[in-house]
Each structure stands twice: as structure tokens, then as C-alpha cells.
Amino acid sequence: MSKPASAPSNTRTGAASAGQTAKGSTGVSVTSRHYTIGELAKMFEVTPRTIRFYEQEGLLAPRREGQKRIYREKDRVRLKLTLRGKRLGFSLAEIREVVMMYDAMPDGNARQLKRLLEIIAEKRAELDRQLEDIRLMRLEMDDVDRRAREALDQLDE
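Basis of the calculations
- Numbering of residues starts from 1 in each chain and follows the order in which that chain's sequence is written.
- The model is predicted, so local features are restricted to residues of pLDDT at least 70 and side-chain atom pairs to those at 80 or more, both for listing and for counting; the totals for chains, interfaces and linings are taken over all residues.
- Hydrogen atoms and water are omitted, and side-chain values are computed over all heavy atoms in the structure.
- Here, a salt bridge means any side-chain nitrogen of Lys or Arg that lies within 4 Å of a carboxyl oxygen of Asp or Glu.
- For the purposes of this entry, the term helix denotes a DSSP run of H or I that reaches at least four residues, the term strand denotes a run of E that reaches at least two, and both are numbered from the N terminus.
- The buried label goes to any residue with under 20% of its type's maximum accessible area, the exposed label to any with over 50%, and the partly exposed label to all in between, with areas taken from a 1.4 Å probe on protein chains only.
- Any two strands with at least two DSSP-identified bridges between them are counted as paired.
- Here a residue-residue contact requires only that any non-hydrogen atoms of the pair lie within 4.5 Å.
- Every angle, taken between N-to-C directions, lies between 0 and 180 degrees, and every axis is a line fitted to C-alpha atoms, over only the stretch in contact when it is a helix.
- Should the near helix be turned anticlockwise from the far one by less than a right angle, the crossing is termed left-handed; should it be turned clockwise, right-handed.
- For this classification, the nonpolar set comprises Ala, Val, Leu, Ile, Met, Phe, Trp, Tyr, Cys and Pro, the charged set comprises Asp, Glu, Lys and Arg, and every other residue, Gly included, is treated as polar.

Caption draft 1: A look at the pattern of salt bridges. Here the structure, examined in full by the defined rule, presents 17 salt bridges. Note that Asp-143 and Arg-147 form a salt bridge whose closest N and O atoms lie 3.1 Å from each other. Of this pair, Asp-143 and Arg-147 are both found in helix α5 (residues 110-156), four residues apart, which corresponds to roughly one turn of the helix. Since its relative accessible area comes to 29%, Asp-143 is described here as partly exposed. In this structure Arg-147 comes out as partly exposed when scored by relative accessible area, which is 46%. Taken together, the shared-partner salt bridges in this structure form one network comprising Glu-97, Arg-115, Glu-118 and Glu-122.

Have a look at this one:
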């Protein structure tokens, strides 16, 4: 039985590589996609500085080739989770906790899912409080608006 030829090393500079194909332990080909910081920035509509910040915070861990950062698919998923968490109002600590759980068990486990549900419940409660604050603020603004219009009408008379 002949051995399959190994895939060429993917060490191009410039644009990110399309990926390497290798035989996994199951014998199935696995493609590993690599990204540059510019590609991820464009993909997620953020600046490279934002990506470097999340790297500095320990949420991303690209491979280095000299000064160049090489991001793997795992980094892309972590960035996606991080940005989604920020949009939902999660703190960096909460995002880090969820991302670390994802790394430990990508398909999820009971502890991870329960913690995620707790965080979501906390965020919902916070949003409910904010909605009530907004509702009250609008009522106050409506009252001030009404009184200002009445005062203006009296000045016009």
C-alpha cells in the first residue's frame, strides 16, 4: 500500500493561504484555513487594531512568522464569538469565559451550556431594566415637551 503524498507546506507571504490539506487520524482530509489580520478585519468589518486588542486580551492567539500574524480557523471562530458577545453587551470577562468553555468543549457540555444560559438571563434582566428606564425617560420627556408647548402657546397669545 503506497503512502499518500503529503501536502506542500503553506508558508506563502502576503495574502492568507487557502489552507493545507492533511489526512487526519480518521483518514478524512481536513482543510486548515489561514487568515491575515487584514482578511479578518475586512471579514468582520473591524480594524486591525481591534483584532490586536483582542489578541492582547488573550481572546485570540495567532501563530507568528516573524512580525506577521497567521490566524487559524479557531481564531476566526473566537473573533466571531467575541464580536457577537460585544454586540450583545457581554463584558470581556464574560466573553473570555464563554470562549474558554468553547475551546474546552467545542460541541458544548452541560456546564458550558448552563453558564451560557445564566449569562443570557443576566443580560435579559439588564435589558429589561434598561427598557424600563427608557420608558420612564420618554414619559418625562413627553411631559417636558407638553409643558414647553403650553408655555410657547401662552407666549404667542
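Caption draft 2: The arrangement of the sheet that holds strand β5 (residues 68-72) in detail. Reading across the sheet, the three strands line up as β3-β5-β4 and stay open at both edges, with antiparallel pairing between neighbours. Taken across any chain shown, the strands that pair with only one partner, and hence form the sheet edges, are β3 (34-35) and β4 (63-65). The pairing of β3 with β5 spans two bridges and is classified as antiparallel. Within β5, the residue paired with His-34 across the bridge is Arg-72.

Caption draft 3: Representation of the side chain of Lys-123 in the model. Mapped onto the elements of the fold, Lys-123 is located in helix α5. Residue classification places Lys-123 among the buried positions, given a relative accessible area of 11%. In contact with Lys-123, other than residues within four places in its own chain, are Leu-88, Gly-89, Phe-90, Ser-91 and Glu-94.

Caption draft 4: Looking closely at the packing of helix α3 (residues 73-87) against helix α4 (residues 92-104). It is at 10 Å that the axes of α3 and α4 come closest, and there the two elements cross at 145 degrees. The element α3 and its partner α4 pack so that their crossing is right-handed. Seen from α3, the contacting residues are Lys-74, Val-77, Arg-78, Leu-81, Thr-82, Gly-85 and Lys-86; seen from α4, they are Leu-92, Ile-95, Val-99, Met-100, Tyr-102 and Asp-103. Residues of the contact of α3 with α4, tallied by class, amount to seven nonpolar, two polar and four charged.

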